[in-house]
Amino acid sequence: MQCVRKVFFYMAALFFFVAISDQALAAKSTNFYEYSNAKGVTVINYHSFGDYKEIANINITAKLFREQLQMLKDSGYTTITEAQLIAYLQGHGRIPEKSVFLTIDDGYESVYTIAYPILKEMGMQATLFVIVNDVETGLRKGVPMLNWQQIKEMSDSSIIQIGNHTYDLHWRGKNDAPKHEAMILNQTKEGKSLTNDERRRYILEDVTKAHQLIEKHTGKAPTSFAYPYGVYDRVAEQAIKAAGYQIDYSTQGGFNMFGDGTVHIKRIDSSNRVSAQDLKRILEKYQKQAEQHYKNRDIQVEAQVTADKVALKAWLKSDMKNSTLQAQETRFELYKMVKGERQLQRNFGSYLVKASNNTRVMSTEENVTNYEAGGYSVKIIMLKQNGSKEVFWINFNR
């Protein structure tokens, strides 16, 4: 009898240990994901390489460009790909804590003769946004542009990805005056007046023409777009949305955060006016701001993970303090780790839970006993009344 009691005791202890270990593993996994992911990512933008007097304000010498890239390496930064950036901004991709992304605007020949060899040497990648009409004519502001053979070679190397910078909408009216950029100007280059609907079609036709020529000459359809001068309005946004790009870029300075979305990506410009140490200080400043923003985020999540069930609760800190409801709804999505990548499986639990004054904590749960063995994640997407959203991940193993 005493022996039976001992066996029962050891079996109970083993069951308790397994249950606790499962929860501990889930908590550890969650913390690992939350704290090993970048709190923010800065996009560094370049234009011309070398010493062209016609565009002196956007030049960077080969020496300084190399110094900046070497600083990134020495400081522990990883230059990520655009696919990694998109996944991160969509809220389901993890990138190293110190990550940057490189872009190059316009398509000057110096990209091929100077930037491309240095990027290749450093083992880094960038996305190049080309103004297609200027590529076709061979000059912009008297400075030589890339040709299609050079663009194709760089695209084939996978070091440079090609994006759309319009066919011929990178100009300003009124003698090149700011606030008269083609994307927001209700007239053609020839001076013909346009209604908003006509301008929307005008932009879409231009961007589509550029898209088709890039695909024709590289064999790859561009998936990203950069607004000329970083300028847009509601009409321009609608046209670019209709064009179907995965991501678009502005020239607004700042950093981009996990789950922010892939519209109007912030970028900082680099040129001869920015030393390698200046760039380092800018990146450190943005990293500190991103970390502080991360600590102060509004979304809160509580997870209970047992051997047979995962139960989740999500709320906003602001809704616990203020009478005015900030949350609108919470969505829950299930992902599974497949070959090191998170792949969306289906909705999790109730999937969509609406917030109300009486339901400020949104809950869902699901029985996981029939799950296959492996690693899983639930993506919690909190949509706010003002249209913004926050994202949180919970990881667990089966």
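Reference entry: report on the structure contained in this document.

### Observations concerning unusual backbone geometry
1) Next: In the Ramachandran plot, K141 falls in the positive-phi region, its phi being about 55° despite a non-glycine side chain.
2) Next: Topologically, K141 is positioned in the loop between strand 7 (139-140) and strand 8 (143-144).

### A short note on the nonpolar core
1) Next: In terms of nonpolar packing, the biggest core is built from 47 residues, with Y46, L69 and L72 touching the most fellow members.
2) Next: The element that contributes the greatest number of residues to this core is helix 4 (residues 110-122), accounting for seven residues.
3) Next: Sequence-distant contacts of Y46, that is, excluding residues within four places in its chain, are made with I60, F65, Q68, L69, L102, T103, I104, D105, S270 and L279.

### Some remarks on the side chain of T364
1) Next: Topologically, T364 is positioned in strand 17 (residues 362-367).
2) Next: Looking at T364, its side chain comes within polar contact range of the main-chain nitrogen of S350, at 2.7 Å.
3) Next: Ignoring sequence-local partners within four residues, the contact set of T364 consists of V310, A311, L312, F332, F348, G349, S350 and Y351.

### Comments concerning the environment of Q277
1) Next: Considering the arrangement of structural elements, one finds Q277 in helix 10 (residues 276-295).
2) Next: Residue classification places Q277 among the partly exposed positions, given a relative accessible area of 44%.
3) Next: Sequence-wise, Q277 and A182 are 95 residues apart; in three dimensions their C-alpha atoms are separated by 35 Å.

### Notes on the sheet that holds strand 13 (residues 299-305)
1) Next: Taken in spatial order, the three strands make up an open sheet running 13-14-17, and their pairing is antiparallel. What marks the edges here is a single partner per strand, and that holds for strand 13 and strand 17. Shown here is a sheet whose adjacent strand axes are inclined to one another by a mean of 15°, direction ignored.
2) Next: As paired strands, strand 13 and strand 14 (residues 309-316) are joined by seven bridges and run antiparallel to one another. Of the residues in strand 14, the one forming a bridge with A303 is L312.

### Re the side chain of E366
1) Next: Here E366 lies in strand 17.
2) Next: Residue E366 is classed as buried on the basis of its relative accessible area of 13%.
3) Next: Here the side chain of E366 touches Y371 through a polar contact of 2.4 Å, side chain to side chain.
4) Next: Leaving out residues up to four positions away in the same chain, E366 has contacts with D308, K309, V310, R346, N347, F348, G349 and Y371.

### Examining the sheet that holds strand 19 (residues 389-397)
1) Next: Here four strands make up an open sheet; going across it, the order is 16-15-18-19 and the pairing antiparallel. Two strands close off the open sheet at either side, each with one partner strand: strand 16 (341-354) and strand 19. Between one strand and the next, the sheet's axes are offset by a mean angle of 20°, whatever the strand orientation.
2) Next: Both strand 18 (residues 375-384) and strand 19 contribute to a ladder of nine bridges, which runs antiparallel. For I380, the partnering residue across the bridge sits in strand 19 and is F392.

Calculation criteria
- Residues numbered from 1 in each chain as written.
- Predicted model: local features only at pLDDT ≥ 70, side-chain atom pairs only at ≥ 80, totals over all residues.
- Heavy atoms only, no water.
- Helix = DSSP H or I, 4+ residues; strand = E, 2+ residues; numbered from the N terminus.
- Core = buried A, V, L, I, M, F, W, Y, C linked by side-chain atoms within 4.5 Å.
- Buried < 20%, exposed > 50% of the residue type's maximum accessible area, 1.4 Å probe, protein only.
- Contact = heavy atoms within 4.5 Å.
- Polar contact = N/O pair within 3.5 Å; in protein donor to acceptor, adjacent residues only side chain to side chain.
- Pairing = 2+ DSSP bridges.
- Axes fitted to C-alpha atoms, helices over the stretch in contact; angles between N-to-C directions.

Function-wise, these values are silent; they only describe arrangement.
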